[in-house]
Amino acid sequence: MGTSVQVTPLSGAYGEGPLCYLLAVDGFRFLLDCGWTDHCDPSLLQPLARVAPTIDAVLLSHPDIMHLGALPYAMKHLGLSAPVYATEPVFRLGLLTMYDYFLSRWQVADFDLFTLDDIDAAFQNVVRLKYSQNHLLNADKGEGIVIAPHVSGHLLGGTVWKITKDGEDVVYAVDFNHRKERHLNGTALGSFVRPAVLITDAYNALNNQVYKRQQDQDFIDSMVKVLASGGSVLLPVDTAGRVLELLLIMEQYWAQRHLVYPIYFLTNVSTSTVDYVKSFLEWMSDSISKSFEHTRDNAFLLRYVSLIINKEELEKLGDAPKVVLASMASLEVGFSHDIFVEMANEAKNLVLFTEKGQFGTLARMLQVDPPPKAVKVTMGKRIPLVGDELKAYEEEQERIKKEELLKASLSKDEELKASHGSNAKASDPMVVDASSSRKSSNAGSHVGGNVDILIDGFVPSTTSFAPMFPFFENTADWDDFGEVINPDDYMMKQDEMDNNMMLGAGDGMDGKLDEGSARLLLDSAPSKVISNEMTVQVKCSLAYMDFEGRSDGRSVKSVIAHVAPLKLVLVHGSAEATEHLKMHCAKNSDLHVYAPQIEETIDVTSDLCAYKVQLSEKLMSNVISKKLGEHEIAWVDAEVGKVDEKLNLLPPSSTPSAHKSVLVGDLKLADFKQFLANKGLQVEFAGGALRCGEYITVRKIGDSNQKGSTGSQQIVIEGPLCEDYYKIRELLYSQFFLL
């Protein structure tokens, strides 16, 4: 039997809810993402609550609320304590996203589901990996499991996770994008070879994308039209995700068209976000990396976008035309919520959505049922306490503080009584019997009632030891040069540095939080929230353009067919989209397709049988290995036998027959064309084949879509037997490794 694999959706199945899935690989339980919605409804996390304490590892794929928003709450309230794995950008930008979300909530409501300290504590457990880095899990149940992050192409640092056990791959690939963008390369999913299980989403299965360049121009044109007529544009965006691509698009077109309308990027952590993004160039597209190498020009040195963390700058402009990118994308809370209320009643303004709103949010409601209409919103504001309210608050805090001190004192007394019994008092010279001191006091009553206070604790002991202060002798080792020191005691380990960076609210950002953000994060002045409901007449224009950065339905189907997994698990998509993709894959391929409901466990264990065998020393002593790149390969003739109840490969009992020659390698015709050209031969591509000279043709035949051992391609040389034929054949053989 192959590696045991079970998948259980905890959220985000047959719907567009937050992503959270349980994956068990031979008993080792992974939590794939830990998402939440902007509503922060704890009832959505009930399935997670039932399994959180049993989780062995958490894999995060993207730095947004829908993928990691519930992590602090799960760590604090649900018993989740497993190590978390993510790329560096997902760690940093995810932390900023949670800061921004908390502050957006805290400024308008008494938010108590988690605090900034809880966010820091949750992200302390993150182990950061690089793309394509194989990380071997060393837990008992995780022995032999290797995890590796790969490019997803959706958000900066976004990850396709590959989990490998005994040669079988389980791939978790949600929200991937095959198209290269300004700041991101396309996904690496297409490079995987026939995994045992592919877990992917059906979110975009029914959508088809338009031509990207035309979409970008329409995006700019729609904003310029409003700005030219005296209106302003609001783009509700995420904190540190797709907004990065929008910033680069606007920077490019503002420069090309010489536009002068101001652009503002407004979140609680906007400056810190861009500062970190500037340092993540190696995680971005090849074009950005090469540009920086040649010109030292950082793509995120923004020239037309102003970074602000409050609305004061906007208020200075008044009704002047401007573009504002503000969080949150859902319009439920945050700066985008407040600005929408201010702009909604002006027909000249535009609210431009670049992603589909979360279900049940104001953004989704406006997208489904566009204006003119009236919507009810709640406006909240946090103000400092003054006067009698401040006095009452301080008195209450003082009362609470005294109660805590009293409890701590009583608890300490109880501990002392428990640790010092009657036997301890007789043997410990520091313990003085209070009764004896009181007897002495009564005996010397002429001194007065205060004598007990004067001599309590200093009465001569009845034992042979007198009370004395603790003394610890220095037992350090010495040599000819003085005291022997351990250099490790004076070095700060990486773990300690990371922990120090995370201490205190906001300190986890390595000192890159701007002054205003730090003030917000560290503000502990007594305050209260005042709120009121109001009806907003929505007269402004609304528009939606898809800049979500996901592969469309046609591309998803093509990628799945190319990867050709043995078993396919579909999650995260509407019921209609999920059923559509499920039927398409079942009809057009021989895949085993599964689409589980929430809390439905499916067994996707491989049907293949896998065995572990050891190479015996006797066999390996006669093997001659040859180096191929970073590896060594050899042909082995052996027999399987048991040694100490373990399967071993042993030398054959009889002389094996000679094997046919094997050519090892994967030749690309484009590389072979360049090789022949360097040898002075005339070569060109014609009809998908390589034309060499006048008579010889080299082509590949076979099904290139088939992967693994079930499919192969052959290289064929066509032409008359002549000098060129033998010369090209010899050069072709030189590109392979002969066994």
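Residues numbered from 1 in each chain as written. Predicted model: local features only at pLDDT ≥ 70, side-chain atom pairs only at ≥ 80, totals over all residues. Heavy atoms only, no water.

- Under the annotation held in an unreviewed UniProt entry, the protein carries the name Cleavage and polyadenylation specificity factor subunit 2 and is attributed to Brachypodium distachyon.
- Recorded in UniProt under Subcellular location (unreviewed entry), the annotation for the protein is "Nucleus".
- What UniProt states about the protein under its Sequence similarities (unreviewed entry) heading is, verbatim, "Belongs to the metallo-beta-lactamase superfamily. RNA-metabolizing metallo-beta-lactamase-like family. CPSF2/YSH1 subfamily." (UniProt positions renumbered as here; feature names shortened; annotations may be inferred.)

Observations regarding the overall build of the protein
And then number 1: Scanning the protein for helices and strands turns up 23 helices and 35 strands.
And then number 2: Long-range contacts, defined here as pairs at least 24 residues apart, represent 73% of the contacts in the protein between residues at least 6 apart.
And then number 3: Here the protein has roughly 38800 Å² of accessible surface; of this, 52% comes from carbon and sulfur atoms. (Helix = DSSP H or I, 4+ residues; strand = E, 2+ residues; numbered from the N terminus. Contact = heavy atoms within 4.5 Å. Areas by Shrake-Rupley, 256 points an atom, 1.4 Å probe, with all protein chains shown as cover.)

Topic: helix H6 (residues 212–228)
And then number 1: Here H6 spans 24 Å end to end across 17 residues, near enough to the 24 Å set by a 1.5 Å rise per residue.
And then number 2: Looking only at H6, the buried set comprises Lys-212, Gln-215, Asp-216, Phe-219, Ile-220, Met-223, Val-224, Val-226 and Leu-227. Each buried residue of H6 sits inside an arc of 165° when the element is viewed along its axis, so together they form one side. Counted as exposed and oriented over 90 degrees from the buried face of H6: Arg-213, Lys-225 and Ala-228.
And then number 3: Tucked inside the fold, the buried residues of H6 contact strand E12 (233–236), helix H7 (243–257), strand E15 (323–326) and strand E16 (350–353).
And then number 4: Positive backbone phi, approximately 95°, marks Gly-230, located one or two places after H6. (Expected span 1.5 Å × (residues − 1). Buried < 20%, exposed > 50% of the residue type's maximum accessible area, 1.4 Å probe, protein only. Arc of directions from axis to C-beta.)

Structural notes on the pattern of salt bridges
And then number 1: According to the stated counting rule, one finds 26 salt bridges in the structure shown.
And then number 2: Close ionic contact of Glu-16 with Lys-356 constitutes a salt bridge, the shortest N to O distance being 3.5 Å. Of this pair, Glu-16 sits in the loop between strand E1 (5–11) and strand E2 (20–25) while Lys-356 is found in the loop between E16 and helix H12 (362–368), placing the two residues 340 residues apart along the sequence.
And then number 3: Close ionic contact of Asp-118 with Lys-76 constitutes a salt bridge, the shortest N to O distance being 2.9 Å. Here the residue Asp-118 occupies a position in helix H5 (residues 116–123), and Lys-76 occupies one in helix H3 (residues 71–77), the gap between them amounting to 42 residues.
And then number 4: What makes Asp-118 buried here is its relative accessible area of 16%.
And then number 5: Judged by relative accessible area, Lys-76 falls into the partly exposed class, the value being 40%.
And then number 6: If you follow the salt bridges from partner to partner, you end up with Arg-182, Lys-212, Asp-216 and Glu-245 in one network. (Salt bridge = Lys/Arg side-chain N within 4 Å of Asp/Glu carboxyl O.)

Regarding the environment of Pro-42
And then number 1: For Pro-42, the location among the structural elements is in the loop between strand E3 (28–32) and helix H1 (46–51).
And then number 2: Separated by 28 residues in the primary sequence, Pro-42 and Ala-70 have C-alpha atoms spaced 9.1 Å apart.
And then number 3: Ignoring sequence-local partners within four residues, the contact set of Pro-42 consists of Trp-36, Tyr-73 and Leu-113.

A short note on the nonpolar core
And then number 1: Grouped together as the largest cluster of nonpolar side chains are 89 residues, with contacts concentrated most on Leu-48, Phe-114, Phe-219, Met-223, Leu-235, Val-323 and Leu-325.
And then number 2: Taken together, domain 1 (5–89 + 110–208 + 551–603) and domain 2 (212–385 + 527–544) each give at least three residues to this core, which thus spans both.
And then number 3: Once residues lying within four places of it in the same chain are set aside, the contact partners of Met-223 are Val-233, Leu-235, Met-250, Trp-254, Val-323 and Leu-352.
And then number 4: Formed by 29 residues, the second largest nonpolar core is a distinct cluster that contains Val-25, Ala-57, Leu-137 and Val-569. (Core = buried A, V, L, I, M, F, W, Y, C linked by side-chain atoms within 4.5 Å. Domains from an automatic or database assignment.)

With respect to the sheet that holds strand E23 (residues 592–594)
And then number 1: The seven strands lie next to each other as E7-E8-E9-E10-E11-E22-E23, forming an open sheet whose pairing is mixed. The open sheet terminates on both sides in strands that have one partner only, identified here as strand E7 (135–136) and E23.
And then number 2: Across four bridges, strand E10 (residues 168–173) lies against strand E11 (residues 197–201) in parallel orientation. Directly across from Ala-173, in E11, lies its bridge partner Thr-200.
And then number 3: Along the sheet, helix H20 (residues 575–588) contacts E11, strand E22 (567–571) and E23; its crossing angle with E22, the most-contacted strand, is approximately 165°. (Pairing = 2+ DSSP bridges. Axes fitted to C-alpha atoms, helices over the stretch in contact; angles between N-to-C directions.)

Here we look at the pairing of E2
Put simply, side chains in a regular strand alternate between the two faces of the sheet.
And then number 1: Burial analysis of E2 places six of its six residues in the buried class, which makes it a mostly covered element.
And then number 2: The two faces of E2 match: Cys-20, Leu-22 and Ala-24 on one face and Tyr-21, Leu-23 and Val-25 on the other face are all buried.
And then number 3: In terms of strand pairing, E2 meets E3 through five bridges, oriented antiparallel. The partner of Leu-23 across the bridge, within E3, is Phe-30.

Description of empty space enclosed by the protein
And then number 1: Taken as a whole, this structure holds five cavities of 30 Å³ or more when the rule is applied.
And then number 2: Empty space within the largest cavity amounts to approximately 430 Å³.
And then number 3: By residue number, the principal contributor to the lining of the largest cavity is helix H2 (residues 65–68), which donates three residues.
And then number 4: Of the residues that constitute the lining of the largest cavity, the class distribution is nine nonpolar, eight polar and eleven charged.
And then number 5: Composition of the lining of the largest cavity by domain shows at least three residues from each of domain 1 (5–89 + 110–208 + 551–603) and domain 2 (212–385 + 527–544).
And then number 6: In this structure, the second largest cavity spans a volume of roughly 80 Å³.
And then number 7: In this structure, the second largest cavity is lined by Asn-177, Arg-179, Glu-181, Gln-209, Lys-212, Gln-215, Arg-242, Asp-546, Phe-547, Glu-548, Gly-549 and Arg-550. (1 Å grid on protein atoms, 1.4 Å probe; cavity = no way out; pocket = protein on both sides within 12 Å on 5 of 7 lines; lining within 4 Å. Points joined across faces, edges and corners; volume = space filled by probe spheres on them. Nonpolar A, V, L, I, M, F, W, Y, C, P; charged D, E, K, R; others polar.)

Let's talk about the packing of helix H22 (residues 669–678) against helix H23 (residues 723–733)
And then number 1: Their axes nearest at 11 Å, the elements H22 and H23 cross at an angle of 120°. Overall, the two elements H22 and H23 adopt an arrangement that is oblique. Crossing hand, H22 versus H23: right-handed. Here Phe-672, Phe-675 and Leu-676 of H22 lie close against H23, whose contacting residues are Ile-728, Leu-731 and Leu-732.
And then number 2: When its residues are assigned to classes, the contact of H22 with H23 shows six nonpolar, no polar and no charged. (Parallel < 35°, antiparallel > 145°, perpendicular 65-115°, else oblique. Left-handed = near helix turned anticlockwise from the far one by under 90°.)

Observations regarding a negative patch on the surface
And then number 1: Taken together, the side chains of Asp-477, Asp-479, Asp-480 and Glu-483 define an acidic patch exposed on the protein surface.
And then number 2: The residue Asp-479 is located in strand E18 (residues 478–479) in this model. (Patch = residues over 30% accessible without salt bridge, like charges linked within 9 Å, V, L, I, M, F, W, Y side chains within 5 Å. Lys, Arg positive; Asp, Glu negative; His and termini not counted. Charge placed at Lys NZ, Arg CZ, Asp CG, Glu CD.)

With respect to H7
And then number 1: Over its 15 residues, H7 extends 21 Å from the first C-alpha to the last, a length consistent with the 21 Å expected when each residue adds 1.5 Å.
And then number 2: The buried count for H7 comes to eleven of 15 residues, which makes it a mostly enclosed element.
And then number 3: Here H7 has its buried residues at Val-243, Leu-244, Glu-245, Leu-246, Leu-247, Leu-248, Ile-249, Met-250, Glu-251, Tyr-253 and Trp-254.
And then number 4: Downstream of H7 by one or two residues, His-258 has phi in the positive range, about 55°.

Focus on the packing of aromatic side chains
Between two aromatic rings, the relevant description is the distance of the centres plus the angle of the planes.
And then number 1: If you walk through the whole model with that rule in mind, you get 13 aromatic pairs.
And then number 2: Between Phe-219 and Phe-547 the ring centres are 4.8 Å apart and the planes differ by 55°, which places this aromatic pair in the tilted class. You can see Phe-219 sitting in helix H6 and its partner Phe-547 sitting in the loop between strand E21 (541–544) and helix H19 (553–563), a full 328 residues away along the chain.
And then number 3: Each residue in the set Tyr-101, Phe-102, Phe-111 and Phe-114 is aromatic and connected to the rest through ring pairs, giving one cluster.
And then number 4: When the ring centre of Trp-106 is taken as reference, the NZ or CZ atom of Arg-382 above it lies at 4.2 Å.
And then number 5: The aromatic ring of Tyr-203 is capped on one face by Arg-550, whose charged end is 4.2 Å from the ring centroid. (Phe/Tyr/Trp six-rings, centres within 6.5 Å; stacked < 30°, edge-to-face > 60°. Lys NZ or Arg CZ within 6 Å of the ring centre and 35° of its normal.)

What about the sheet that holds E12?
And then number 1: As summarised here, the arrangement of the six strands in space is E14-E13-E15-E12-E16-E21, forming an open sheet in which the pairing is parallel. The open sheet has two edge strands, strand E14 (305–308) and E21, and neither has a second partner. The average undirected angle you get between the axes of adjacent strands in this sheet is 20°.
And then number 2: As paired elements, E16 and E21 share four bridges and run parallel to each other. Across the sheet, the residue bridging to Leu-350 is Ser-541, located in E21.
And then number 3: Packing of H7 onto the sheet brings it into contact with E12, strand E13 (263–266), E14 and E15, and relative to E15 it is tilted by some 165°.

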